[in-house]
Amino acid sequence: MKYLKTYLQIATALFLISVGLSAQSLPVPSTWETNVNGYTGLFVVQQFDQNTNAISGTILNTPFSGFMIDRHIQFYRAGTKQMYDGWVLDPNLGAHGQPYYDGTLVISGLVSEGKGGIDGVYPWSATIQGGSIIPPVAGVINLNPDQWTGHKNGQGMYSQGNNELCIESMNPGGSWFSIKRTYGFDNDYTVEFDVKLNTANNHFPILYSDGFVFVDIDWGTDIGHAQPGASYNLRNNLANLEVGKWHGVKVMAYPSKGTFDLYLDGRKLSTATGIVYPLPHHTNTTKAKLQGDSNVIWLGDADDSSYLGGAYNRGNVCWRNIRVTGASGMSGFSQYK
């Protein structure tokens, strides 16, 4: 056993040297872009013990622990029944045209998960960011569609499929999504998502509301945001979204200053000022049915069929690629199911 361990340590070191790395550099840590059966995020290797071959870190913001022997990785994802098995593909052995042929480190493998009477087997892969060992990106949370809770009343409808969230509340009733907010407002942070309007006849569907950041469609296709002191405490007439097209929305929030900047497709539209948590629109005026809990994120149309005829506030909207970066106290969002 002693000789086997020595052999494995030497083999691991030789492999890492062959791809331009040393055994000491692996746990620096290394950060990888990962895809687990369609769920995307980060795979961060935080520790690698050369004596025991133990490896640990996080995948999709969840801790993992296991072993790496030569190029073979096996680990268990905490809080789940998922066992990951993968290989770091050798660039020197790669076929021309494959993504790892140019020397980029790639992991390819399978996830096994017991699901009662059936066994689940899923693909997973990871590509090292920038082709080199770099520090992890701090505090990135992917708000995957299957983690949100859908709500509806009256004739409101919602759907969660194809990695999208969609609501349709064009008839009397409402439909919206919510998720527990586990981050605070001690740090500056960024919210990013893609949004698509499926009709030009919208009124006040909320694109994102977490108690500090608040973005909406006012009338038609006009994007706006919260602005205390303005008419209805809103600022609108900023830009119109094209119906049927995915647009990129980014909000850079500065809680210490009480401001946030709104961007659309890379262009800055406006700065909200005087923002104080919790915003009234988040808890009260939209009848969001949050039972007094302001520690949620929600989006959509939360009005019911008794409010001004039921279709005064309305929308037909889809979201995808929702993520938060840099906020304080973040944990547990990206649970792969």
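Residues numbered from 1 in each chain as written. Predicted model: local features only at pLDDT ≥ 70, side-chain atom pairs only at ≥ 80, totals over all residues. Heavy atoms only, no water.

Undergrad: Lay out the side chain of Arg314 with the relevant residues and their values.
TA: Along the chain, the position of Arg314 falls in the loop between strand E22 (296-301) and strand E23 (316-325). One buried charge, Arg314, has no salt-bridge partner; the nearest side chain with opposite charge is Asp301, at 8.6 Å. Polar contacts involving the side chain of Arg314 include one to the side chain of Asn201, which spans 3.0 Å. (Helix = DSSP H or I, 4+ residues; strand = E, 2+ residues; numbered from the N terminus. Buried < 20%, exposed > 50% of the residue type's maximum accessible area, 1.4 Å probe, protein only. Lys, Arg positive; Asp, Glu negative; His and termini not counted. Salt bridge = Lys/Arg side-chain N within 4 Å of Asp/Glu carboxyl O. Polar contact = N/O pair within 3.5 Å; in protein donor to acceptor, adjacent residues only side chain to side chain.)

Undergrad: Explain the sheet that holds E22 to me, and be specific about the residues and the numbers.
TA: On the basis of which strands lie adjacent, the open sheet formed by seven strands has the order E10-E13-E22-E15-E16-E17-E18 and antiparallel pairing. Edge positions in the sheet fall to strand E10 (149-154) and strand E18 (234-240), since each of these pairs with one other strand and no more. Across the sheet, the mean angle separating the axes of adjacent strands is 20° when strand polarity is ignored. The pairing of E10 with strand E13 (residues 173-180) spans six bridges and is antiparallel. For Thr149, the partnering residue across the bridge sits in E13 and is Ser178. (Pairing = 2+ DSSP bridges. Axes fitted to C-alpha atoms, helices over the stretch in contact; angles between N-to-C directions.)

Undergrad: Describe the state of the cysteines, and please don't skip the residues or the numbers.
TA: For the structure shown, the criterion picks out one disulfide. Put simply, Cys166 and Cys318 are joined by a disulfide, and their sulfur atoms are 2.1 Å apart. With the S-S dihedral at roughly 110°, the linkage between Cys166 and Cys318 falls on the right-handed side. Taken together, the residues Cys166 in strand E12 (residues 164-168) and Cys318 in strand E23 connect sequence positions 152 residues apart. A residue is classified by how much of its surface remains accessible, and Cys166, at 15% relative accessible area, is buried. When its relative accessible area of 5% is taken as the criterion, Cys318 is described as buried. (Disulfide = S-S within 2.5 Å.)

Undergrad: So what about the pattern of salt bridges? Which residues, and what values?
TA: Following the criterion strictly, the structure yields three salt bridges and no others. A salt bridge links Asp194 to Arg320, with the nearest nitrogen and oxygen atoms 3.2 Å apart. Of the two residues, Asp194 sits in strand E14 (residues 189-197) while Arg320 sits in strand E23, which places them 126 residues apart along the sequence. Across the salt bridge formed by Lys268 and Asp261, the nearest N and O atoms sit 3.7 Å from each other.

Undergrad: How would you summarise the packing of aromatic side chains if you had to cite specific residues and measurements?
TA: Counted according to the given criterion, the structure contains 17 aromatic pairs. Between Trp32 and Phe43, the aromatic rings sit 6.3 Å apart at their centres with planes inclined by 50°, giving tilted as the arrangement. One end of the pair, Trp32, is in strand E1 (residues 30-36); the other, Phe43, is in strand E2 (residues 39-48), and 11 residues separate them in sequence. When the ring of Phe212 is compared with that of Phe260, the centres are 6.4 Å apart and the planes differ by 65°; the resulting orientation is edge-to-face. Highlighted residues: Phe212 in the loop between strand E15 (206-209) and strand E16 (214-217) and Phe260 in strand E20 (residues 259-264), separated in sequence by 48 residues. A single burial state applies to Phe212 and to Phe260, both of which are buried. (Phe/Tyr/Trp six-rings, centres within 6.5 Å; stacked < 30°, edge-to-face > 60°.)

Undergrad: I'd like to hear about the pairing of strand E17 (residues 222-226), residue by residue, with values.
TA: For E17, the buried fraction is high: five of the five residues fall into the buried class. Examined bridge by bridge, E16 and E17 share three bridges and lie antiparallel to one another. Paired with Val215 across the strands is His225, a residue of E17. Between the end of E16 and the start of E17, which pair antiparallel, lie four residues, with Gly220 showing a positive phi angle near 70°. Pairing analysis gives four bridges linking E17 to E18, with the strands arranged antiparallel. Along E18, the bridge assignment pairs Ile223 with Ala239.

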